[in-house]
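# A look at the structure
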Amino acid sequence: MKKSVFLGALTVAGLAAGAAAAGTLDDVQARGKLNCGVTTGLVGFAAPDANGEWQGFDVAVCRAVAAAVLGDASAVEFVPTTGKTRFTALASGEIDMLARNTTWTFSRDVDLKFEFVGINYYDGQGFMVPKELGVSSAKELDGATVCIQTGTTTELNLADFFRTNNISYEPVPIETNAEAQPLYLDGACDVYTTDASGLAATRAAFENPGDHVILPEIISKEPLGPLVRHGDNDWGDIVRWTLNALIAAEELGVTSANVAELGASAGANPEINRLLGTEGTLGEMLGLDADWAKKAIMVGGNYGEIFEGNIGEATPIGLARGLNAQWTDGGLLYAPPFR
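Residues numbered from 1 in each chain as written. Predicted model: local features only at pLDDT ≥ 70, side-chain atom pairs only at ≥ 80, totals over all residues. Heavy atoms only, no water.

## What about the overall build of the protein?
A count of helices and strands for the protein gives 14 helices and 14 strands. A burial count over the protein gives 54% of its 339 residues as buried. Nonlocal contacts in the protein, meaning residues at least 24 apart in sequence, comprise 73% of its contacts between residues at least 6 apart. Surface exposure of the protein reaches about 13800 Å², of which carbon and sulfur atoms provide 51%. Once the 22 positive and 43 negative side-chain charges of the protein are each reduced to a mean point, those two points are 4 Å apart. (Helix = DSSP H or I, 4+ residues; strand = E, 2+ residues; numbered from the N terminus. Buried < 20%, exposed > 50% of the residue type's maximum accessible area, 1.4 Å probe, protein only. Contact = heavy atoms within 4.5 Å. Areas by Shrake-Rupley, 256 points an atom, 1.4 Å probe, with all protein chains shown as cover. Lys, Arg positive; Asp, Glu negative; His and termini not counted. Charge placed at Lys NZ, Arg CZ, Asp CG, Glu CD.)

The structure is reproduced here in structure tokens:
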């Protein structure tokens, strides 16, 4: 769920500079399709359904960007990426954006030359164990075998935690979440560690979710969000403000049910008018149609609707809003003003 710190920074940066120079917005519009990098499969966040259609929290962001830019939420090619391949795919131009529960870190931003456009999920690394193990705290895991995805910051966080608590572990390297599940269930590792949201999604896919416990310790900060290449600020602005539009829409009470009506003509709230394009020239500033944000919101609703529909408490994933609540509800979610 995290980003690799082992890639050759100079190589990735060089690829990014070349790809960005072309102008991503022009490329996407000429192609008529958005190439969006996602995980190889994490239910609730990004995974194909029974009909092969990609669904999930991160998928919804990709579709919102496609709707804003192309007017068609289905005009997306979803490109599965692993912890090791995601950054090369973005830097080389194989994908136009990455929406893959990726942690915003200093080195990924500065050294690998990527631009994180915002945070769509505030997370932290946790641990899951079988209930029968009888463990109630991660500090009781001395000598445990731990399934851990390679090419991720999870590895470094894990080493720091065990070193700080003077306990030992044996790593069981895995490439993807799909690879980790059978190993963990078969007892090849005592523990699975990744972002707490990923653990909840993984557990929900088990035949007997109640047989597994997510331990209380959260050992890191994992601000997850979409990213693009450095050097193409116009494209970065589009992806950033599409995400902000989904967040602001929830705060302003703009939903999938009322966005068409609110966007039909200017109303009493000036910020809603500017957001939906009935007032001002925000779309023109982005090089998009005036109703770009309206199109994005119409796809899956505002941020809250996307959250609740894919990973919220009423879904098998069962995540509470917590830090991901709006700032007006005691959370950290906050969009800059649309003006």
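## A closer look at the state of the cysteines
Applying the stated criterion across every chain, the model contains two disulfides. Across a sulfur-sulfur distance of 2.1 Å, Cys 36 and Cys 62 are joined as a disulfide pair. Negative torsions about the S-S bond denote left-handed disulfides, and the value of about -55 degrees found for Cys 36 with Cys 62 makes this one left-handed. With Cys 36 in strand E1 (residues 34–39) and Cys 62 in helix H3 (residues 57–70), this residue pair connects regions lying 26 residues apart in the sequence. Across the pair, Cys 62 and Cys 36 agree in class, each one buried. With a sulfur-sulfur separation of 2.1 Å, Cys 147 is cross-linked through a disulfide to Cys 189. In this structure the cystine formed by Cys 147 and Cys 189 twists about its S-S bond by roughly -95 degrees; its chirality is therefore left-handed. With Cys 147 in strand E9 (residues 144–149) and Cys 189 in the loop between helix H7 (177–185) and strand E11 (191–195), this residue pair connects regions lying 42 residues apart in the sequence. The pair formed by Cys 147 and Cys 189 is uniform in burial state, with each residue classed as buried. (Disulfide = S-S within 2.5 Å.)

## Topic: the packing of aromatic side chains
Scanning the model with the defined rule gives 16 aromatic pairs in all. Taking 5.0 Å as the distance between ring centres and 85 degrees as the angle between the ring planes, the aromatic pair formed by Trp 241 and Phe 338 counts as edge-to-face. With Trp 241 in helix H9 (residues 233–252) and Phe 338 in the segment after helix H14 (303–310), this pair connects stretches of sequence that are 97 residues apart. Cation over ring: Arg 321 sits above Phe 307, and NZ or CZ is 5.2 Å from the ring centre. (Phe/Tyr/Trp six-rings, centres within 6.5 Å; stacked < 30°, edge-to-face > 60°. Lys NZ or Arg CZ within 6 Å of the ring centre and 35° of its normal.)

## Side note on helix H2 (residues 24–31)
Among the residues of H2, Thr 24, Leu 25 and Val 28 are the ones counted as buried. End-on view of H2: buried residues confined to an arc of 100 degrees, all on one side of the axis. Of the exposed residues in H2, the ones pointing more than 90 degrees away from its buried face are Asp 26 and Ala 30. Positive backbone phi, at 75 degrees, marks Gly 32, one or two positions downstream of H2. (Arc of directions from axis to C-beta.)

## Let's talk about the sheet that holds strand E10 (residues 169–174)
The five strands are arranged E10-E9-E11-E8-E12 in an open sheet whose pairing can be described as mixed. Among the strands making up the open sheet, the edge pair consists of E10 and strand E12 (212–214). Averaged over all adjacent pairs, the angle separating strand axes in this sheet is 30 degrees, with direction ignored. When E9 meets E11, the two strands line up parallel, connected through two bridges. By the bridge assignment for E11, Val 146 is matched with Val 191. Contacts from helix H6 (residues 153–164) reach strand E8 (125–130), E9, E10 and E11, with the element oriented near 75 degrees to E8. (Pairing = 2+ DSSP bridges. Axes fitted to C-alpha atoms, helices over the stretch in contact; angles between N-to-C directions.)

## Concerning the pattern of salt bridges
Two side chains that carry opposite charge are able to pair once their charged atoms sit near each other. Inspection of every chain in the model, using the stated rule, returns eight salt bridges. Between Lys 84 and Glu 175 there is a salt bridge; the shortest N-O distance is 3.4 Å. Placement of the pair is Lys 84 in the loop between strand E4 (76–81) and helix H4 (86–91) and Glu 175 in the loop between E10 and H7, with a sequence separation of 91 residues. The partly exposed category is assigned to Lys 84, whose relative accessible area is 41%. Using a relative accessible area of 32% as the deciding quantity, one classes Glu 175 as partly exposed. (Salt bridge = Lys/Arg side-chain N within 4 Å of Asp/Glu carboxyl O.)

## Concerning the confidence of the model for the protein
On average, residues of the protein score 92 in pLDDT, and 94% of them are at 70 or above. Confidence drops under a pLDDT of 50 for residues 1–21, and excluding neighbours within four residues, the segment shows 75 contacts in the predicted structure. (pLDDT = per-residue confidence, 0-100.)

## Here's the deal with the pairing of E10
Here six bridges tie E9 to E10, and the two strands are oriented parallel to one another. Paired with Val 146 across the bridge in E10 is Pro 171. What joins E9 to E10 is H6, and the crossover it makes is right-handed. (Right-handed = clockwise from strand over helix to strand, strands pointing away.)

## Overview of unusual backbone geometry
Its identity is not glycine, yet Asn 101 carries a phi of approximately 25 degrees, on the positive side. The residue Asn 101 is located in the loop between strand E5 (97–98) and helix H5 (106–110) in this model. Even without glycine at this site, Asn 166 takes up a positive phi of about 55 degrees. Within the secondary structure layout, Asn 166 lies in the loop between H6 and E10. Overall, Asn 166 belongs to the exposed group, its relative accessible area being 70%.

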